[in-house]
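# Structural description and commentary
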Amino acid sequence: MRLLLVAVGQRMPAWAEDAYQDFAKRFPPELRLELKAVKAETRGSKTAEQLMAAEGARIEAALQSFAKSGVRRIVLDERGTRRTTVELAERLKLWMGEGRDAALIIGGPDGLHPDLKATADETLRLSDLTLPHAFARVLLAEGLYRAWTVTTGHPYHRE
Ligand SMILES: C[S@@+](CC[C@H](N)C(=O)[O-])C[C@H]1O[C@@H](n2cnc3c(N)ncnc32)[C@H](O)[C@@H]1O
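Please read all numbers here as calculations on a predicted model, not as lab measurements.

## A few points about the pattern of salt bridges
Throughout the structure, instances matching the rule amount to 19 salt bridges. Note that Arg 100 is salt-bridged to Glu 98, the shortest N-O span being 3.3 Å. Residue Arg 100 is classed as partly exposed on the basis of its relative accessible area, which comes to 31%. When its relative accessible area of 31% is taken as the criterion, Glu 98 is described as partly exposed. For the salt bridge of Arg 125 with Asp 128, the shortest nitrogen-to-oxygen distance reads 2.7 Å.

## Some points on the UniProt feature "binding site: S-adenosyl-L-methionine" (unreviewed entry) in the protein
Feature annotation in UniProt places "binding site: S-adenosyl-L-methionine" (unreviewed entry) on Leu 76, Gly 107, Leu 126, Ser 127, Asp 128, Leu 129, Thr 130 and Leu 131, given in this structure's numbering. A distance of 2.9 Å separates the side chain of Asp 128 from the side chain of Arg 82, its partner in a polar contact. Following the sequence through the fold, Leu 129 ends up in the loop between strand S5 (122-124) and helix H5 (133-152).

## Digging into the site of the ligand
The full set close to the ligand counts 20 residues, and Leu 76, Arg 79, Leu 126, Ser 127 and Leu 129 are the nearest of them. In the model, a nitrogen atom of the ligand is placed 2.7 Å from a nitrogen or oxygen of the Leu 129 main chain. Its free accessible area being 560 Å², the ligand has 88% of it covered by the protein chains. In terms of residue class, the shell around the ligand is built from nine nonpolar, six polar and five charged.

Each value, and the rule that gives it
- Residues numbered from 1 in each chain as written.
- Predicted model: local features only at pLDDT ≥ 70, side-chain atom pairs only at ≥ 80, totals over all residues.
- Heavy atoms only, no water.
- Salt bridge = Lys/Arg side-chain N within 4 Å of Asp/Glu carboxyl O.
- Buried < 20%, exposed > 50% of the residue type's maximum accessible area, 1.4 Å probe, protein only.
- UniProt positions renumbered as here; feature names shortened; annotations may be inferred.
- Polar contact = N/O pair within 3.5 Å; in protein donor to acceptor, adjacent residues only side chain to side chain.
- Helix = DSSP H or I, 4+ residues; strand = E, 2+ residues; numbered from the N terminus.
- Near = heavy atom within 4 Å.
- Areas by Shrake-Rupley, 256 points an atom, 1.4 Å probe, with all protein chains shown as cover.
- Nonpolar A, V, L, I, M, F, W, Y, C, P; charged D, E, K, R; others polar.

Take a look at the structure:
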(Lines give C-alpha, C1' and ligand atoms only; values in the text may rest on other atoms or scores of the structure.)
Protein backbone atom coordinates (compact mmCIF):
# COMPACT_ATOMS: atom_id res chain seq x y z
CA MET A 1 0.00 0.00 0.00
CA ARG A 2 1.10 3.55 -0.63
CA LEU A 3 0.60 6.61 1.50
CA LEU A 4 0.74 9.70 -0.67
CA LEU A 5 1.58 12.90 1.11
CA VAL A 6 0.25 15.74 -1.05
CA ALA A 7 1.66 18.94 0.40
CA VAL A 8 1.62 22.50 -0.85
CA GLY A 9 5.13 23.97 -1.14
CA GLN A 10 7.94 22.78 -3.36
CA ARG A 11 10.73 24.68 -1.67
CA MET A 12 11.13 23.59 1.92
CA PRO A 13 13.96 24.67 4.22
CA ALA A 14 16.82 22.14 4.34
CA TRP A 15 16.06 21.13 7.93
CA ALA A 16 12.48 20.21 6.97
CA GLU A 17 13.59 18.30 3.89
CA ASP A 18 16.21 16.36 5.90
CA ALA A 19 13.85 15.56 8.77
CA TYR A 20 11.09 14.47 6.37
CA GLN A 21 13.49 12.18 4.46
CA ASP A 22 14.82 10.73 7.69
CA PHE A 23 11.37 9.34 8.50
CA ALA A 24 10.16 8.63 4.95
CA LYS A 25 13.08 6.28 4.28
CA ARG A 26 12.18 4.15 7.32
CA PHE A 27 8.88 2.91 5.88
CA PRO A 28 8.83 -0.75 4.81
CA PRO A 29 8.24 -1.88 1.19
CA GLU A 30 4.64 -2.84 2.01
CA LEU A 31 3.85 0.69 3.20
CA ARG A 32 5.60 3.30 1.10
CA LEU A 33 5.39 6.98 1.98
CA GLU A 34 5.55 9.06 -1.21
CA LEU A 35 5.64 12.83 -1.33
CA LYS A 36 3.99 14.91 -4.03
CA ALA A 37 4.92 18.52 -3.36
CA VAL A 38 2.45 20.85 -5.08
CA LYS A 39 3.48 24.33 -6.20
CA ALA A 40 2.26 27.10 -3.91
CA GLU A 41 0.31 29.75 -5.81
CA THR A 42 2.13 33.06 -6.26
CA ARG A 43 0.49 35.51 -3.91
CA GLY A 44 0.55 38.82 -5.84
CA SER A 45 -2.77 40.59 -5.29
CA LYS A 46 -4.79 37.37 -5.08
CA THR A 47 -7.26 36.77 -2.28
CA ALA A 48 -6.88 33.80 0.07
CA GLU A 49 -9.89 32.24 -1.69
CA GLN A 50 -8.13 32.49 -5.08
CA LEU A 51 -4.87 31.12 -3.67
CA MET A 52 -6.58 28.16 -2.04
CA ALA A 53 -8.65 27.47 -5.19
CA ALA A 54 -5.53 27.39 -7.40
CA GLU A 55 -3.67 25.14 -4.97
CA GLY A 56 -6.75 22.97 -4.57
CA ALA A 57 -6.84 22.36 -8.34
CA ARG A 58 -3.19 21.25 -8.24
CA ILE A 59 -3.90 18.94 -5.31
CA GLU A 60 -6.81 17.39 -7.22
CA ALA A 61 -4.54 16.83 -10.25
CA ALA A 62 -1.91 15.18 -8.02
CA LEU A 63 -4.54 12.88 -6.52
CA GLN A 64 -5.84 11.90 -9.97
CA SER A 65 -2.36 11.13 -11.31
CA PHE A 66 -1.51 9.08 -8.23
CA ALA A 67 -4.46 6.70 -8.35
CA LYS A 68 -7.10 6.88 -11.06
CA SER A 69 -9.39 4.57 -9.10
CA GLY A 70 -9.48 6.93 -6.14
CA VAL A 71 -7.87 7.05 -2.75
CA ARG A 72 -8.89 7.53 0.85
CA ARG A 73 -8.53 11.25 1.51
CA ILE A 74 -7.21 12.35 4.86
CA VAL A 75 -7.10 16.11 5.24
CA LEU A 76 -4.65 17.57 7.74
CA ASP A 77 -6.37 20.34 9.64
CA GLU A 78 -5.85 22.01 13.00
CA ARG A 79 -9.63 21.66 13.49
CA GLY A 80 -9.59 17.99 12.51
CA THR A 81 -9.95 14.83 14.56
CA ARG A 82 -7.51 14.57 17.45
CA ARG A 83 -5.93 11.10 17.74
CA THR A 84 -3.41 9.42 20.00
CA THR A 85 -0.59 7.42 18.41
CA VAL A 86 -2.39 4.17 19.23
CA GLU A 87 -5.60 5.47 17.65
CA LEU A 88 -3.67 6.55 14.57
CA ALA A 89 -2.18 3.04 14.41
CA GLU A 90 -5.75 1.63 14.42
CA ARG A 91 -6.67 3.94 11.54
CA LEU A 92 -3.54 2.89 9.66
CA LYS A 93 -4.47 -0.78 10.05
CA LEU A 94 -7.92 0.00 8.68
CA TRP A 95 -6.45 1.93 5.72
CA MET A 96 -4.04 -0.93 5.00
CA GLY A 97 -6.89 -3.44 4.99
CA GLU A 98 -8.94 -1.41 2.52
CA GLY A 99 -7.09 -2.38 -0.63
CA ARG A 100 -6.65 1.17 -1.87
CA ASP A 101 -4.00 3.80 -1.32
CA ALA A 102 -4.44 6.71 1.04
CA ALA A 103 -3.58 10.36 0.52
CA LEU A 104 -2.75 12.78 3.30
CA ILE A 105 -3.23 16.39 2.29
CA ILE A 106 -1.44 19.42 3.76
CA GLY A 107 -2.26 22.97 2.73
CA GLY A 108 -0.07 26.02 2.27
CA PRO A 109 0.15 29.21 4.36
CA ASP A 110 -3.51 30.05 3.67
CA GLY A 111 -4.74 26.53 4.32
CA LEU A 112 -6.94 24.28 2.21
CA HIS A 113 -9.98 25.40 0.26
CA PRO A 114 -13.31 24.49 1.94
CA ASP A 115 -14.43 22.65 -1.24
CA LEU A 116 -11.38 20.40 -1.01
CA LYS A 117 -11.89 19.86 2.71
CA ALA A 118 -15.48 18.82 1.95
CA THR A 119 -14.17 15.85 -0.09
CA ALA A 120 -12.25 14.41 2.89
CA ASP A 121 -13.02 10.91 4.08
CA GLU A 122 -11.54 11.96 7.40
CA THR A 123 -9.55 14.76 8.97
CA LEU A 124 -6.52 14.62 11.21
CA ARG A 125 -5.25 17.13 13.74
CA LEU A 126 -1.58 16.95 14.70
CA SER A 127 -1.76 19.58 17.43
CA ASP A 128 -4.13 22.20 18.82
CA LEU A 129 -1.61 24.74 17.59
CA THR A 130 -1.48 26.00 14.02
CA LEU A 131 1.70 24.58 12.53
CA PRO A 132 3.73 25.96 9.62
CA HIS A 133 3.26 23.63 6.66
CA ALA A 134 6.90 22.47 6.81
CA PHE A 135 6.45 21.38 10.43
CA ALA A 136 3.18 19.62 9.59
CA ARG A 137 4.95 17.60 6.88
CA VAL A 138 7.70 16.43 9.25
CA LEU A 139 5.37 15.72 12.20
CA LEU A 140 3.05 13.72 9.99
CA ALA A 141 5.88 11.57 8.59
CA GLU A 142 7.09 10.83 12.12
CA GLY A 143 3.56 10.19 13.39
CA LEU A 144 2.77 7.78 10.58
CA TYR A 145 6.06 5.97 11.04
CA ARG A 146 5.43 5.70 14.78
CA ALA A 147 1.90 4.42 14.09
CA TRP A 148 3.31 1.77 11.77
CA THR A 149 5.76 0.62 14.48
CA VAL A 150 2.78 0.20 16.84
CA THR A 151 1.08 -2.10 14.31
CA THR A 152 4.20 -4.30 14.15
CA GLY A 153 5.34 -4.17 17.79
CA HIS A 154 8.57 -2.45 16.76
CA PRO A 155 10.36 -1.02 19.84
CA TYR A 156 10.48 2.52 18.35
CA HIS A 157 7.22 3.24 20.16
CA ARG A 158 6.85 2.58 23.90
CA GLU A 159 3.55 3.00 25.69
C1 LIG B 1 -0.03 27.32 8.10
S2 LIG B 1 -1.22 26.06 8.06
C3 LIG B 1 -2.63 26.91 7.40
C4 LIG B 1 -3.40 27.63 8.43
C5 LIG B 1 -4.69 28.15 7.90
N6 LIG B 1 -5.00 29.38 8.58
C7 LIG B 1 -5.82 27.16 8.12
O8 LIG B 1 -6.84 27.58 8.66
O9 LIG B 1 -5.71 26.00 7.76
C10 LIG B 1 -0.71 25.06 6.68
C11 LIG B 1 -1.27 23.67 6.65
O12 LIG B 1 -0.62 22.88 7.63
C13 LIG B 1 -1.52 21.89 8.12
N14 LIG B 1 -1.64 22.11 9.57
C15 LIG B 1 -1.25 23.19 10.28
N16 LIG B 1 -1.49 23.02 11.58
C17 LIG B 1 -2.01 21.79 11.71
C18 LIG B 1 -2.45 21.00 12.82
N19 LIG B 1 -2.39 21.47 14.06
N20 LIG B 1 -2.93 19.77 12.59
C21 LIG B 1 -2.98 19.28 11.32
N22 LIG B 1 -2.58 19.96 10.24
C23 LIG B 1 -2.10 21.20 10.43
C24 LIG B 1 -2.86 22.07 7.42
O25 LIG B 1 -2.97 21.15 6.34
C26 LIG B 1 -2.76 23.51 6.91
O27 LIG B 1 -3.51 23.69 5.73
